[in-house]
Each structure stands twice: as structure tokens, then as C-alpha cells.
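Below are the chains, spelled out letter by letter.
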Amino acid sequence: MASEAIKGAKVLMVGAGGIGCELLKTLALSGFRDIHIIDMDTIEVSNLNRQFLFRQSHVGQSKAKVARDAVLKFRPHINIKPYHANVKDPEFNVDFFKQFNVVLNGLDNLDARRHVNRLCLAADVPLVESGTTGFLGQVTVHVKGKTECYECQPKPAPKTYPVCTITSTPSKFVHCIVWAKDLLFAKLFGDKNQDNDLNVRSSDAASSSENVEDVFVRRNDEDIEQYGRKIFDHVFGYNIELALSNEETWKNRNRPKPIYSKDILSDELAQPNGNVDKKCAFDDEFSVSAMASLGMKNPQDIWSLKENSRIFLEALRLFFTHRGKDVGNLTFDKDDQLAVEFVTAAANIRAASFGIPPYSLFEAKGIAGNIVHAVATTNAVIAGLIVIETIKVLQNDIKSYRYNAIPVPSSYYFGLVVPSFGICCMKRMKILFLLYIKLALHSINFLMFLLILFWTSCRMTYCLEHPSRKMLLMPVEPFEPNKSCYVCSETPLSLEINTKRAKLKDFVEKIVKAKLGMNLPLIMNSSNLLYEAGDVEDDMVAIYSANLEKVLAELPSPVTGGTMLTVEDMQQEFVCNVNIKHREEFDEEKEPDSMVLSGWTQHVSAPENKDKPAANNGASTSGASVPAAESDEISIVSPTKKRKLTDVPNAPGNETRNHQDELQVIDDEDDLVMLEGNMEGFKKRKLS
Ligand SMILES: Nc1ncnc2c1ncn2[C@@H]1O[C@H](COP(=O)(O)OP(=O)(O)OP(=O)(O)O)[C@@H](O)[C@H]1O
Ligand SMILES: [Zn+2]
């Protein structure tokens, strides 16, 4: 009986955010009695619209603790143990994990998900993994030896664009946003020492790069209005003219038009910002706003070219007059009003040059911050599915109950598409009934089903005018663990390396840390310690920077054709073996690290992004786990060098971004409308 399995289960939940709140509530109402919950965050105002266990008065308090108290109000006799902590803290080690029958993730980042996955493997505890992105969400089950582990499947690369699209040939608004945010904003207000491709194109032509550099630096005595106009004319006028001089580029493209400030704001030259009240008072630096200063209020308005130009100049002025101490070390932050105003205006002016329609500040902010608005309903449905999967996992454990009838743990992918509000008539109706019928209803008892149904169905919206846009739920066949996934397979990896030239240090940095993602590694050869993260002791220093050949030669136990090293991550309690083999030559282009690691799955593969179903390419905030996890950075790739504009934690994939033609993963939001009859795509991806 499902209820027996539920009553006796001890469950660990990681994350008490959007999914976590729904999940805790549904678990409690489904009869779970022993739930531990880890979350490192405190409640923010922005959580209140969808994390229903929290109220205004809880802002600033621990999510885990408040969630517990809220649920105890309606289920007072169950045990909920909150931990206001990071799941990566050492107290949550393998032994801690072993006490649970199942672990449920409600996380929003790849790093923590990988960490939990590894601990679950090490502790041999089943993991139910989940994620949502807007109207998309998914639940997958990972049981050691029975299904793939969380890391068996590649995760999509962050959205990247070729440098030349951004610097010279934008065709979508998002390209203008990336330009404004990562190039222009960074150039003007960010770290001056950082690489910046803003002038890549213009320096090809007439001006020497030093001259170009000068334009951006404000001279001490330079009038701020003049400086602003100089920047304006340089980036929207002069640079575009230079670009136009390259005829080849424009053969098959629309030619952009240069925009100079005098053409837009000619009559205001004397009083550059119109009737601005220059004494406009701001409470603190984050409330400094060009919109406020220009008397513009509605963030949903689409500004004219003239308004954009005024915002551009005013925001630039305000940065220097009110935020002077930040200039030189700012990075774009979607919660920084002035930064969003500047980036919106700059992107819109550039868009005007290239004949791309303008966007409102509200929309631009969403694009710049890669925000897909979280949908409470999706989280509620996903939480329901997690509970169903959890019950299946638990029943599978308790073999004396109906074990023959229990389905093998599987995954569901689903997309739920609700047409935009306002466009068509929305009617509320409960469709979860259908949903659960479609689901593996037979595996849970009916009462349980009704309970879950009741508690998750409250906010379902469904468009009756577009009956074809139904929810689609799809069981996927159980899959075999991926034999080549170093995380879940016990077969050793093999590393080809020039042991005469490479140092132990290179191995630690480039392979162990960057590729295997081990943050606190310990390297052993049978019982000999070669390296331990932390303060390197004196005798270790020499070994660390000595070449591998020397280090390996002193070891007692080389194996045929190589030396077996055991690499252990003390933080993640994770071990793997690496067989080191000497190789003399490497192809500089194809093997730039001069090392080749085999036997592991590279966790990002760019080409795969192309025919991926939409669940994968919606810009992700809470990060649907399998595909969308941590793809919420936009970066630029140049054909000649790699660069990363935001910190990408899963280094393994970076090398794949060195392509010209991968790109463009953020597509129109319409792409979220999909999934109808798209089962092939899913199957192909999961099963191949
Ligand atoms: N390493 C971690 N240890 C513990 N909790 C974590 C860890 N990483 C993420 N979390 C928690 O997972 C939850 C993810 O939920 P979600 O993304 O819905 O919430 P959020 O971060 O509050 O929302 P938003 O991203 O929109 O601000 C958060 O509450 C976050 O604190
Ligand atoms: Zn695996």
C-alpha cells in the first residue's frame, strides 16, 4: 500500500523555493510524516507571488524554517526538520544522506544539483530531480544502477552569440541587448582592464585602437554632457559608418543607418536634458533613475528614438554624477534601475540603427536579466509529479508490497502552454484530472490521488479556445545508466598527457577541477597521497609544480600502460580513478590543453541545442533540471578566442562554444508553444 510506504518514509527535500514550497505542502498533505528540508536562503519580497507558504511578514527569515512553520499549521503532528544552510556544507555528508529513503531536489542551479546527485550516488539513495521554466517543467528519477544519474545527460550550453553578430550585424533585439549590456555598459562603467570587443570592428578600419580607447575615457575636465554626446556619436554614429564602409558585410543584409545626437536632440543642445530638474533627489544610489529624472513613469511604455536618446544621456550623466564611485567596477545587474535604463536605451538606439523594433524597459529588463517569469501553476503541477514519482520509488524499495506491479522509475516531461493573457479569452478549469489519468495512476491508491489532485489543481488555467494547446505528459522508458558517465560508472577514466612537460598542477587545475568539477580534490596513488587541496605543505609544493613524469616515477604502483591515480572530492564525497598515460604530441588546435581525457561524458554539447525541444531553450530561471538547468547566461563567442561574460560554473562545456555557428538559442517566446506531437524529439534525446 502506498500509504504504508509514505508513512514510514524519511524524506530529504533540498530547496524551499518555488517548487519546494509546493512540494512540502503536497508531501505533508499526502501523508508524509518525516521530512527534512535544507535551504540556504531567506525570503525576499519577490518570492511572495509564488511561494505560497510565505507572507510579507516573513521577509528576511529563513525559507526552510518558515516553510516548516507554515505547514505545521495544517499538519501539526508531523516531523519537519529545517536546516537554514547550504547543501554543500560538510555536515550534509554521505552519512547524513544515508538516513533518508529518498531525496527530492527543488533547486535552481546546476552546481547544487550535481552535488546532490553525487551524494545520492555515494549514499545509494534515490533522487527525484525537478525543474521548471515558465510553463515548462520536468521530473526525473535517478536510482543508482537502475537509471541514468543526473550527470549522465549533457546539459545545454549557455546561450552564446558570435562576436560579429553582436558587434556588427545584429538582427534581433536580444543582440542589441547583449551589445548594450556586455560591451557598451561594461566598457563605460565596468573594469577597464577587462577584454572588451566593443571596438573589434572599428579598429580594423581607419582609427588606431589607441584613439578608440581615448573616446571612452572621460578626461578630468570634460563636461559630462559633452562626454555623453561624444560617446553617443561614437557608438551610434561613427562606428556604424565605419561598419558601413565594409561593403562585403552588407551585400545580403539591410544597411544600418548611423545616428548622431544632434539629429535627434538638435533643439536641446543648449539644455541637453530638457526640463530636467537637476536637483532631483534620490534616496540612495539604487534609486537613482533617469526615468524619474526625466519624469517618465511607465516601464511598459515603448520609448521613441528621442526618448531613448534622452534616457541614454541622462543615465550616463547620473552614473558619473551620482554613482561616481561605482564607475570602473560595475557589472550589469537587472535589479539596478539605472543600469537597466541605460542598457534599454542603448539597445533601442542601436536597434533603431539596424531597423529592429524597440522594446519597453520592462521587456528589455527581462531579456537582459534572462528572466522567464516563474509560473506558480507549473511549480504546483511539478510538485504533484514529484510526489507521484516519490511514491513509486518508495514502493519499489519495499518489495513485499505489490512489487510486481510497480512501474520502473521513469521520467515525465511536460509542457503546459497557456496563450498570453489578454490575447484570447481565458477560462479557468480544472484539467489536472486528465493529467493524473494520463499519469501512472495505477501505482498510487485512489485516495492519495484525490488528495494530490485536490491540492495541486487549484490554479490551473487552460484556454478553451485553443483546445489543441493541451498539456502533454509523456512517460519515457527507463534508461540504462550511462556507462561512460564518470559520475555513475565505476570504470576508470583515462588521461593522455605529456608527462614530461605537464605538471601535477596542470592535472589538478585543468582536469580535476575544471573537467571533473571537484573543488576540494585529494589525489592518491594506492595509499600514497600526492595532492590535497588546501594549504599546500612545503614538501607538497615541490611535487605540485614538478612535472608528472617525476612525480609518477617515484610511485610504487604503476599499472600496465599507465599509472592509476585515485581522485577524491572531499567536498562531494566522490571518488574516481584516472589512468594516466604518456603521450608525446598533441594537436594544438584540437587538443589545446595538451591533454585528452576519455571515459567521461562531456556535459555540454552545443550542436544538440539545435533540435532540442523547447523545454530546453526557454531562458531558464529556476532551471528545468535536465535540459535547462543553468543556461541562463548569455555569452559571446568569437571565432578566435573564447570568452565568458558571466561566470559559468560547469567548465566542461566551455570548449564547445568555440564555434561560429552554434548560437542563437534564445528564440522568440513563441517557441515555448510546442510539444504537440513532438514526442520524437524527447525520445531521441533521452534514449540516444
Ligand atoms: N546550494 C544550495 N543549498 C541550499 N539551498 C539552495 C542551494 N542552491 C539553491 N538553493 C535554494 O533553492 C531554491 C530554489 O528555488 P527558486 O529558484 O524557486 O527560488 P528563488 O531562488 O527564491 O527564486 P528566484 O530565483 O526567482 O529569486 C532557493 O530557495 C534557494 O535558496
Ligand atoms: Zn551518470
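From a predicted model like this one, the values you see are computed outputs, not experimental measurements.

A few words now on unusual backbone geometry. Of note in this structure, aspartate 124 is not a glycine but carries a positive phi near 55°. Classification of aspartate 124 by C-beta neighbours within 10 Å gives exposed; the count is 12.

Of all residues adjacent to ligand 1, which total 22 residues, the nearest are Gly15, Gly17, Gly18, Asp41 and Asp108. Each residue belonging to the shell around ligand 1 can be placed in one class, and the counts come to seven nonpolar, ten polar and five charged.

What follows concerns the packing of helix H15 (residues 337–353) against helix H16 (residues 361–368). Relative orientation of the contacting elements H15 and H16 amounts to 100°, with a least axis distance of 9 Å. With respect to H16, the axis of H15 lies roughly perpendicular. Contacts from Val340, Glu341, Val343, Thr344 and Ala347 of H15 reach H16 at Leu361, Ala364, Lys365 and Ala368. Class assignment for the residues of the contact of H15 with H16 results in six nonpolar, one polar and two charged.

At a minimum axis separation of 8 Å, helix H7 (residues 173–189) and H15 run at an interaxial angle of 125°. Our classification of the angle between H7 and H15 gives oblique. Pair H7 / H15 crosses with right-handed handedness. Together, Phe173, Cys176, Ile177, Trp179, Ala180, Lys181, Leu184 and Phe185 of H7 and Ala339, Phe342, Val343, Ala346, Ala347, Arg350 and Ala351 of H15 make up the contact between the two elements. For the contact of H7 with H15, the class distribution of residues is 13 nonpolar, no polar and two charged.

The next point concerns the nonpolar core. Among the nonpolar cores identified, the biggest contains 86 residues, and Val11, Leu24, Ile37, Ala67, Val102 and Val103 are the most heavily contacted of them. Of all hydrophobic cores here, the second largest spans 57 residues; its members include Phe185, Ile264, Leu294 and Val343.

At 3.6 residues per turn, the α-helix brings residues three or four places apart onto the same side. When the terminal C-alpha atoms of helix H14 (residues 305–322) are compared, their 25 Å separation across 18 residues agrees well with the 26 Å that a helix rising 1.5 Å per residue should span. Buried within H14 we find Asn308, Ser309, Arg310, Ile311, Phe312, Leu313, Glu314, Ala315, Leu316, Arg317, Leu318 and Phe319. Buried residues along H14 sit against H7, helix H10 (224–244), helix H12 (261–264), helix H13 (290–293) and H15.

What follows concerns the pairing of strand S14 (residues 528–532). Relative to S14, strand S13 (residues 521–525) runs antiparallel, the two being bridged by four bridges. Counterpart to methionine 524 in the pairing with S14 is leucine 529. Linkage of S13 to S14, two consecutive antiparallel strands, is achieved through a turn of two residues, within which serine 526 is found at a positive phi near 40°.

Over its 14 residues, helix H5 (residues 110–123) extends 20 Å from the first C-alpha to the last, a length consistent with the 20 Å expected when each residue adds 1.5 Å. In terms of residue burial, H5 counts as a mostly covered element, since eleven of its 14 residues are buried. When H5 is considered as a whole, its buried residues turn out to be Leu110, Ala112, Arg113, Arg114, His115, Val116, Asn117, Arg118, Leu119, Cys120 and Leu121. Those residues of H5 hidden inside the fold are in contact with strand S1 (10–14), helix H4 (94–98), strand S4 (102–105), strand S5 (127–133), strand S6 (136–142) and strand S17 (574–582). Looking at the residues trailing H5, positive phi occurs at aspartate 124, about 55°.

On the UniProt side, "binding site: Zn(2+)" (unreviewed entry) is annotated at positions that read Cys149, Cys152, Cys485 and Cys488 here. The largest pairwise C-alpha distance within this set of annotated residues, which runs over 340 residues, is 8.3 Å, so the set is compact in three dimensions. With respect to the helices and strands, the residue cysteine 152 is situated in the loop between S6 and strand S7 (159–162). Looking at the secondary structure, you find cysteine 488 in the loop between strand S11 (472–476) and strand S12 (493–497). Under the C-beta neighbour-count criterion, cysteine 488 is labelled buried, with 22 such atoms within 10 Å.

The next subject is the confidence of the model for the protein chain. Residues at a pLDDT of 70 or more form 68% of the protein chain, whose mean pLDDT is 74. For the stretch residues 200–210, pLDDT sits under 50, and the model shows 16 contacts to residues farther than four places along the chain or on other chains. Here residues 269–277 is a poorly scored stretch, pLDDT under 50, and it has twelve contacts once near neighbours within four places are set aside; other chains count. Our summary of model confidence lists the complex with pTM equal to 0.65 and ipTM equal to 0.98.

About the criteria used
- Residues numbered from 1 in each chain as written.
- Chains lettered and ligands numbered in written order.
- Predicted model: local features only at pLDDT ≥ 70, side-chain atom pairs only at ≥ 80, totals over all residues.
- Buried ≥ 20, exposed ≤ 12 C-beta atoms within 10 Å, placed from the backbone.
- Near = placed C-beta within 6 Å.
- Nonpolar A, V, L, I, M, F, W, Y, C, P; charged D, E, K, R; others polar.
- Axes fitted to C-alpha atoms, helices over the stretch in contact; angles between N-to-C directions.
- Helix = DSSP H or I, 4+ residues; strand = E, 2+ residues; numbered from the N terminus.
- Parallel < 35°, antiparallel > 145°, perpendicular 65-115°, else oblique.
- Contact = placed C-beta atoms within 7 Å.
- Left-handed = near helix turned anticlockwise from the far one by under 90°.
- Core = buried A, V, L, I, M, F, W, Y, C linked by C-beta atoms within 7 Å.
- Expected span 1.5 Å × (residues − 1).
- Pairing = 2+ DSSP bridges.
- UniProt positions renumbered as here; feature names shortened; annotations may be inferred.
- pLDDT = per-residue confidence, 0-100.

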